[in-house]
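# Descriptive structure summary
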Amino acid sequence: MRTPRTSGSRCRVLLAAFALAAALDLASLAVGFHGGHVIAKPLLMPLLAAWAAARGAPRLLVAALLCGWGGDVLLLSDADPAFLAGMTCFAAGHVCYLALFTRDGTPRARTALLAPGYLVALVTTVALLWPDLPAGLRVPVAGYSTLLVAMACAAAVRLGPVAGLGGALFLLSDTLIATGVADWPQPPRPNLWIMLTYLAAQFLLATGTLRALEARPGPMATYGEVRSTTP
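I will try to describe carefully the structure that is included in this document. (Residues numbered from 1 in each chain as written. Predicted model: local features only at pLDDT ≥ 70, side-chain atom pairs only at ≥ 80, totals over all residues. Heavy atoms only, no water.)

Here the focus is a nonpolar patch on the surface. There is a patch of nonpolar side chains on the surface, built from Leu24, Ile39 and Leu43 and spanning about 280 Å² of accessible area. Topologically, Ile39 is positioned in helix H2 (residues 34-54). (Patch = residues over 30% accessible without salt bridge, like charges linked within 9 Å, V, L, I, M, F, W, Y side chains within 5 Å. Areas by Shrake-Rupley, 256 points an atom, 1.4 Å probe, with all protein chains shown as cover. Salt bridge = Lys/Arg side-chain N within 4 Å of Asp/Glu carboxyl O. Helix = DSSP H or I, 4+ residues; strand = E, 2+ residues; numbered from the N terminus.)

We now examine the state of the cysteines. On inspection of all chains with the given rule, the structure shows 0 disulfides. Considering cysteine sulfurs only, Cys96 is the nearest to Cys67, which forms no disulfide, with 4.6 Å between them. (Disulfide = S-S within 2.5 Å.)

This brings us to the side chain of Asp104. In this structure, Asp104 sits in helix H4 (residues 80-104). In terms of polar contacts, Asp104 uses its side chain to reach the side chain of Arg103, at 2.8 Å. The contact partners of Asp104, leaving out residues within four places of it in the chain, are Leu213 and Arg216. (Polar contact = N/O pair within 3.5 Å; in protein donor to acceptor, adjacent residues only side chain to side chain. Contact = heavy atoms within 4.5 Å.)

Positionally, Leu24 belongs in helix H1 (residues 4-31). A relative accessible area of 40% means that Leu24 is categorised as partly exposed. Spatially, the C-alpha atoms of Leu24 and Lys41 are 8.9 Å apart, while their sequence positions differ by 17 residues. Beyond its immediate chain neighbours, meaning those up to four positions away, Leu24 contacts Gly36 and Ala40. (Buried < 20%, exposed > 50% of the residue type's maximum accessible area, 1.4 Å probe, protein only.)

So, about unusual backbone geometry. Even without a glycine there, the phi angle at Asp183 is positive, about 65°. Within the secondary structure layout, Asp183 lies in the loop between helix H7 (161-181) and helix H8 (190-215). At Arg189, a position not held by glycine, the phi torsion is positive, near 50°. Structurally, the position occupied by Arg189 is in the loop between H7 and H8.

In a regular helix each residue adds 1.5 Å, so 16 residues correspond to 22 Å; helix H5 (residues 114-129) covers 23 Å between its end C-alpha atoms and thus fits that length. Summarising the contacts, the buried residues of H5 are in contact with helix H6 (135-159) and H7. (Expected span 1.5 Å × (residues − 1).)

Evaluation of the coordinates by the stated rule reveals 2 salt bridges. Its salt-bridge partner being Glu214, residue Arg55 comes within 3.1 Å of it at the nearest N-O pair. With Arg55 in the loop between H2 and helix H3 (59-74) and Glu214 in helix H8, this pair connects stretches of sequence that are 159 residues apart. Overall, Arg55 belongs to the partly exposed group, its relative accessible area being 24%.

With that out of the way, let us pick up the nonpolar core. If you look at the biggest cluster of nonpolar residues, it comprises 64 residues, and the most contacted ones within it are Leu61, Leu65, Phe101, Phe170 and Leu199. Elements with a contribution of two residues or more to this core: H1, H2, H3, H4, H5, H6, H7 and H8. Broken down by element, the residue count for this core peaks at 13 residues, all from H6. (Core = buried A, V, L, I, M, F, W, Y, C linked by side-chain atoms within 4.5 Å.)

The next subject is H2. Along an α-helix, residues three or four positions apart point the same way, because every turn accommodates 3.6 residues. Given a rise of 1.5 Å per residue, 21 residues ought to cover 30 Å, and the 31 Å separating the end C-alpha atoms of H2 matches this to within 8%. Leu44 marks the point of greatest bend in H2, at about 30°, and the proline Pro46 comes within the next four residues. Among the residues of H2, those classed as buried are Gly36, His37, Ala40, Lys41, Leu44, Met45, Leu47, Leu48, Ala49, Trp51, Ala52 and Ala54. Phi turns positive, to about 85°, at Gly56, one or two residues after H2. (Bend = angle between axes of the 7 residues up to and from the residue.)

Here is the structure:
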């Protein structure tokens, strides 16, 4: 039988492993070591998902992170079919996040004012990118962007600032990818900034979700306690 101390130790080990893999991945991108990126990137989301599961995360959160893992692996390839398949995996992750936020989140009156801002950001970004995107990617990118913005908005409105920041960083990360596909000017080492904002986004979404659900009285707190003390 796992004790709370054993469960806490497992969480710390998994979080440390995630941090180490993230550091290796980012350092590899910073120095242009592609092999390190290929090794580290597929480890990131499984480790984060395992950490979240050890914390008693709901299945939808774990599923969202594992969808991110599928997208990460597929985007290691530069082929167009892999890009579309990777985008589909991330879209599935956003659906999981949306379902989770809608089911378990609580609307917050103050942050509801963010919704029009996210809508304006979506319309403006898609309109600006549209002429420069390859014809075959315009509709998929527009559809994916709609899901992404809906997820980011729901994270802020229903779960609060930590998850909201995660959603905003996810939006920033994927906007950097989209501008690269549209052949817009990029910052130095664009893949480094894409991964940095993406990793921060997924970690903050997971952390913000867990904190929000654990703070609520009732099922989530009880569920987490049961998960930490059962074999």
